[in-house]
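# Descriptive structure summary
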Amino acid sequence: MSLPSRISAARVSAVILFGLFSSGCAPSPQPGERTFVDDLGYPVRIQRSVKRIVSLLPSNSEMVCLLDCERLKGGTRYDRFPEELTQRIKEKNLEVIGGGFDPNLEKIFEIGPDLILVNGPSQQRVTLPLKRMGFPVFSLYPQDMDGIRRDFLLLGEILDREEKARRLLADVETGLEEFRRKTRRSVKRRVYLQTWPDPMITVGKNSMSQWILDLAGGINIFKDMPFDSGKVSLEWIIQRDPEVLIFVDSQREFAERIRELPGWREINGVRKNHICFIEAAYLRRTIQFLDGVKRIHQCLFGTVA
Amino acid sequence: MRRIFWSWLILFFFFSLSLFLALSTGPVRISLFALSPRDQAILLHLRLPRALSSFFVGGGLALSGAVFQGLFRNPLADSYLLGISSGASLGAAAALVLGFTSPLAIFTGVSFFSFLGSLLALFLVFYFGSRDGYFSVFRLLLSGLGVGLFFSSFVAVLMIMAEEELKALIFFFMGGFSSASWETTWVAVTLVPVCVWIAFYYARELNVLLLGEETALSSGVNTKRVQAIYAVLAAFLTSISVSVAGLIGFVGLIVPHMVRMVFGADHRILLPVTFLLGGTFLILCDTLAKVVLAPSELPVGVVTSLFGVPVFLYLLKKERGEYGL
């Protein structure tokens, strides 16, 4: 173990000990602090001027960055969006603290954040020590599009960027309106979206992908599947007979092969060779979903919206 | 003899019934007696290989479980006893996470590397489990434990590296036949019968072995050779089944016990009945896995325990001491 990390380990344990005895009697908000209720229902006291944010979830990093990327000081190794964020990681203006389930707590301690953004229940265990150390840990855990909008506005309020948050959301709404106006048509295309080839995994009822497919003018042939994603068999795909097949990421080889395979040939979309590919990033949970919608639309109808 | 004759008849009836169900059940309505070209494609290329895979994998797993239980004289032994599954898991995880593709067109990457991984585990287990060309079953057991744990830790490392692949890996751990095709099936259809035939051939020796090694030696059985043949055979059967269908629990543990409770411990009857029942059982479970959560599929390993355990517990309660419990 190198010297700096030994020192910070000692600091951490001291703070943990201190935390053990001092917590449990949280005083009411000090001047310069505000209390917000997070998505898990915990009231969290947060400084009025938040300057150093650590995010343990790519979608939260993205939201912070859209509002004010400079204040994001720590993100995960999975963070990719927006572009500005990747740039800041390259320029070492943003520290990678590990992943959402294996964050380096000492690194977070060293960054000394005044706000830590986490996922929902699944990250509670990792964040307990951070809470003990007195860091404000705030859960943003949107379940659907309304939740994403709500959380984005809430984050805007916390960062004092309410105006910007509202503007960005309004832009998205306008963009969506415009897209809808341009693409107003009664026809919808039946789509099969495959996220993994072996076993064949597709998206179901509550997924972001389902929502995006729907907006783009597609009908997910497995929208009756009651989970985010699940395993299906070729026979089901034949039975639902999609007009279009969309493969996520690098399944080109697989898609090439199916043209020759018995069974697949029975499918309308395969016979007409209506097959597209899309990067998983366009189907992510984000307020910037419009790019994905447009891409899928182009795949479905062959026209740019 | 009469009882055995009737039991066989009943078993064959159930086997045919399950095969019929497997071939006629599915999202597309098919009449087996009036087939359109599309129906033919579905029947020949999707349902038939799937049914055959589940039969041979189920039979193979059950048989290898029965052999391990006899060989180690341990009722808790099952087909995954010697850590073969962790070798297979490592192969599958490497193929998924590191993106290895199969050098042979007849295999998918996952089945090729899981087969390779299980053979590697098999080799290592027997290498460390032997001394001067001989091995005792207990040495083998410990060697299997060691190799299994070692491989599992590599699997854990790969799982941490995985992102999207994790879900596919989890499905591999729970087993299933949803993407069965002739490519994945031919291994099981050709190799399992060979192993099964060898297993039946030495069944009498395995019986004698169960009386204790000394008794076996004095009645002229080459105990070391019989033990070696059966251990390799059972482990190899497990390798085949894992590469075809991933990990399917329960079949190798419980089916042999069910058969013993009903038919007794004579391996000349136990082995063939276990094979047939294991295969039939897995065909039925896979058919259920297709329909329970339709259009999505349940992992067949979940179904095997969900529907098999109640039957097993019922037999356990009914058993009147002849089984020696």
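Computed from a predicted model, the values in this text were never measured in an experiment.

Cut-off values and rules
- Residues numbered from 1 in each chain as written.
- Chains lettered and ligands numbered in written order.
- Predicted model: local features only at pLDDT ≥ 70, side-chain atom pairs only at ≥ 80, totals over all residues.
- Heavy atoms only, no water.
- Pairing = 2+ DSSP bridges.
- Helix = DSSP H or I, 4+ residues; strand = E, 2+ residues; numbered from the N terminus.
- Contact = heavy atoms within 4.5 Å.
- Axes fitted to C-alpha atoms, helices over the stretch in contact; angles between N-to-C directions.
- Core = buried A, V, L, I, M, F, W, Y, C linked by side-chain atoms within 4.5 Å.
- Buried < 20%, exposed > 50% of the residue type's maximum accessible area, 1.4 Å probe, protein only.
- Phe/Tyr/Trp six-rings, centres within 6.5 Å; stacked < 30°, edge-to-face > 60°.

Moving on: the sheet that holds strand β5 (residues 95-96) of chain A. Residue and element names in this part refer to chain A. The parallel open sheet is built from 5 strands, whose spatial order is β5-β4-β3-β6-β7. Edge positions in the sheet fall to β5 and β7 (137-139), since each has one partner strand and no second. Where strand β3 (residues 53-55) meets strand β6 (residues 115-118), 3 bridges bridge the pair, whose relative direction is parallel. Residue pairing in the sheet places S55 in a bridge with L117 of β6. Together, β3, β4 (72-75) and β6 form the strand contacts of helix α2 (residues 58-68), whose direction differs from that of β4 by roughly 160 degrees.

Here we come to the nonpolar core. Grouped together as the largest cluster of nonpolar side chains are 103 residues, with contacts concentrated most on L71(B), Y230(B) and I248(B). Per element, the largest residue contribution to this core is 12 residues, and it comes from helix α2 (residues 37-71) of chain B. Other than its neighbours up to four places away in sequence, I248(B) contacts V57(B), L61(B), Y80(B), G175(B), F177(B), L282(B), V300(B), G301(B) and T304(B). V44(A), L154(A), L159(A) and V203(A) belong to the second largest nonpolar core, which has 52 residues in total.

We now examine the packing of aromatic side chains. Residue and element names in this part refer to chain B. Throughout the structure, instances matching the rule amount to 24 aromatic pairs over all chains. Each ring, one from F13 and one from F14, has its centre 5.8 Å from the other, and the planes form 65 degrees; the classification is edge-to-face. On the basis of relative accessible area, F13 is assigned to the exposed category, the value being 52%. Using a relative accessible area of 41% as the deciding quantity, one classes F14 as partly exposed. Aromatic pair F115 and F236: ring centres 6.2 Å apart, planes at 50 degrees, arrangement tilted. A residue pair is termed long-range when its members are at least 10 positions apart, and F115 in helix α4 (residues 109-128) and F236 in helix α10 (residues 223-245) qualify at 121 residues.

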